[in-house]
Amino acid sequence: MTPVLDVQRLAFAYPDGHQALFGVDLHVHRGERVALLGPNGAGKTTLVLHLNGILSGETGHGEGSVAVSGLPVTKKNLLEIRRRVGIVFQDPDDQLFMGSVRADVAFGPANLGLKGAALDKRVDDALEQVGMADFADRPPHHLSFGQRRRVAVATVLAMEPEILVLDEPSSNLDPASRRELADILRSLDVTLLMVTHDLPYALELCPRAVVLSDGRVVADGTTYDVLTDEELMHAHRLELPWGFDPRAHGPAPDLLRDARHPR
Amino acid sequence: MGAGHGHRLHFHGHSVVHRAPAHLKVLVLLGFVLTVVATPREWYPVFGGYLVLLLGVVLLARVPLTYLLPRMVVEVPFLVFAALMPFVAEGPRVAVPLGGWEVSLSESGLLAAWGLVAKGTLGVLASLTLAATTEPADVLRGLQRLRMPDLVVQIMGFMIRYLDVVTGDLGRMVTAMRSRGVDPRSPRHWPALARTLGALFVRSYERGERVHLAMLSRGYDGKLPEGVK
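The model shown is predicted, which means the values in this text are computed figures rather than measured ones. (Residues numbered from 1 in each chain as written. Chains lettered and ligands numbered in written order. Predicted model: local features only at pLDDT ≥ 70, side-chain atom pairs only at ≥ 80, totals over all residues. Heavy atoms only, no water.)

Remarks on the domain arrangement of chain B
Piece 1. Under the domain assignment used here, chain B contains domain 1 (16-141) and domain 2 (149-217).
Piece 2. Here domain 1 of chain B and domain 2 of chain B have C-alpha centroids that lie 30 Å from each other. (Domains from an automatic or database assignment.)

This is the structure we're talking about:
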């Protein structure tokens, strides 16, 4: 089966010479939920920006390839790639730039050429999925932070992506909003790649975890195995929050069954 | 960073003025301001007429004057300039008693100052009335209907969207500075304040780049797609 995401030997150096990625391999299959873990400066954001062609060998010095459902990320395919890969950025204020929630959610699908009733339906469906349908006509800056994060997810869902990429989805959320977002993410029928420092969140939502450190993939297995591997965790500046012990919870059985790619 | 505060200049209401179409209000404002500016400043009673007309509209809109007046501080720099004019302008001078002193002021300067104050105040009050009775998004739609170039409307839209974000940024930076003992009112700390503004500019610039990235990620190709404005 063609993986949704197929990253092969991806290396990248910024124009200033800083080498961020050293031959990253990553395959994500349909329906998987994968956490991308790693300390600050590990190259996570650089990797994410390669997935939809914002960064590529053309903007810096790079090698290797990225393909999304078999379609290589090249200049020619950019629009289709950006439809297939939906990135939700960390700061919703960066993502929501239009005057109303509705206009913002419509922005992506309209760029894909949707119009009229079909466009309205996309927008309504996406807002429904994140529980923000009642806020369609509000300006984004009048929403709470948690609501803005959910609208940011909707802006990407409206493009019906094949893989949803979330950058620090739980950051700055209060516990209730954090849980609400988890419920929403779990309810979506979409492949998920989640960049996060929130390890309990990763364990809760993602059966599989990939650890990126110094531009290399250093671990790829079930999230439970990764988080309980103390040596690995320590070597790559990963730490569980105080009082949190994955062993006390044990791996969720359905999560284990879903992890199709043990190391 | 909470929810729900309205725009600082907008005064919520349902009066005739609030309900009038935005493009009409923009046109009326433009016409009014141009007429005021074109009126010779020696026609003193006419300016009184303008003021009465304007106050009538404000009354009709049911926007309290106590709401508009504090917002007129934007005019202060012009008032300061106007106040200087009688002192620095050339030409015949008149002696004016001022607190026991006879001050010699320029006649043409006085007239120019009057013109500046009268026209400026009328213009600012009229603009504030538009802002108080029209949501920013409606002003934009009005401008669009008046065939304002799309790029300009886009830029103005972004300005409105990010005004709160940037002032929020600035507010937090100033709070952080105060927490470390800076008093923004003391000239001794103005250099630090100036650097804050520099940092704010850099931050906003970087935010602009991130917004652009987010737009590209959703297929932006240089113009806003049809049907989402």
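Still to come is the rest of the account.
Some details on the sheet that holds strand β3 (residues 33-37) of chain A
Residue and element names in this part refer to chain A.
Piece 1. Read from one edge of the open sheet, 6 strands run β6-β7-β8-β3-β9-β10, paired in mixed fashion. The sheet is open, and its two edges are formed by β6 (85-88) and β10 (216-222), each paired on a single side. For this sheet, the mean inter-axis angle between neighbouring strands, taken without regard to orientation, is 20°.
Piece 2. In this structure, strand β9 (residues 208-213) lies alongside β10, joined through 6 bridges in antiparallel fashion. The partner of A209 across the bridge, within β10, is G221.
Piece 3. Contacting β6 and β7 (163-167), helix α6 (residues 145-157) crosses the sheet at an angle of about 165° to β6. (Pairing = 2+ DSSP bridges. Helix = DSSP H or I, 4+ residues; strand = E, 2+ residues; numbered from the N terminus. Axes fitted to C-alpha atoms, helices over the stretch in contact; angles between N-to-C directions. Contact = heavy atoms within 4.5 Å.)

Some words on the pattern of salt bridges
Where charged atoms from two side chains of opposite charge approach closely, those side chains can pair.
Piece 1. This model, assessed by the stated rule, comprises 27 salt bridges over all chains.
Piece 2. Salt-bridge contacts for R161 of chain B lead to D93 of chain A; the nearest nitrogen and oxygen are separated by 2.9 Å. Taken together, the positions of R161 of chain B in helix α8 (residues 150-179) and D93 of chain A in helix α3 (residues 92-95) put the pair across two chains.
Piece 3. In this structure, D138 of chain B and R141 of chain B form a salt bridge, with 3.0 Å as the shortest nitrogen-oxygen distance. On the criterion of helical spacing, the pair formed by D138 of chain B and R141 of chain B is a turn pair, its members being 3 residues apart in helix α7 (residues 136-145).
Piece 4. A relative accessible area of 29% places D138 of chain B in the partly exposed class.
Piece 5. When salt bridges that share partners are traced, they join D91 and D94 of chain A together with D169, R172, R203, R207 and R210 of chain B into one network. (Salt bridge = Lys/Arg side-chain N within 4 Å of Asp/Glu carboxyl O. Buried < 20%, exposed > 50% of the residue type's maximum accessible area, 1.4 Å probe, protein only.)

Notes on the interface of chain B and chain A
Piece 1. Opposite the 29 residues of chain B that make contact, chain A presents 29 residues.
Piece 2. Interface area for chain B against chain A, summed over the two sides, is near 2,600 Å², with a carbon-plus-sulfur share of 58%.
Piece 3. Scanning the region where chain B abuts chain A turns up 5 salt bridges.
Piece 4. Inspection of the region where chain B meets chain A yields 12 residue pairs in polar contact (both at pLDDT 80 or more).
Piece 5. For the side of chain B that touches chain A, the elements supplying multiple residues, two or more each, are α8 and α9 (190-217) of chain B.
Piece 6. Looking at which element gives the most residues to the side of chain B that touches chain A, the answer is α9 of chain B, with 8 residues.
Piece 7. Its residues placed into classes, the side of chain B that touches chain A shows 14 nonpolar, 8 polar and 7 charged. (Buried area = accessible area lost by both parts, 1.4 Å probe. Polar contact = N/O pair within 3.5 Å; in protein donor to acceptor, adjacent residues only side chain to side chain. Nonpolar A, V, L, I, M, F, W, Y, C, P; charged D, E, K, R; others polar.)

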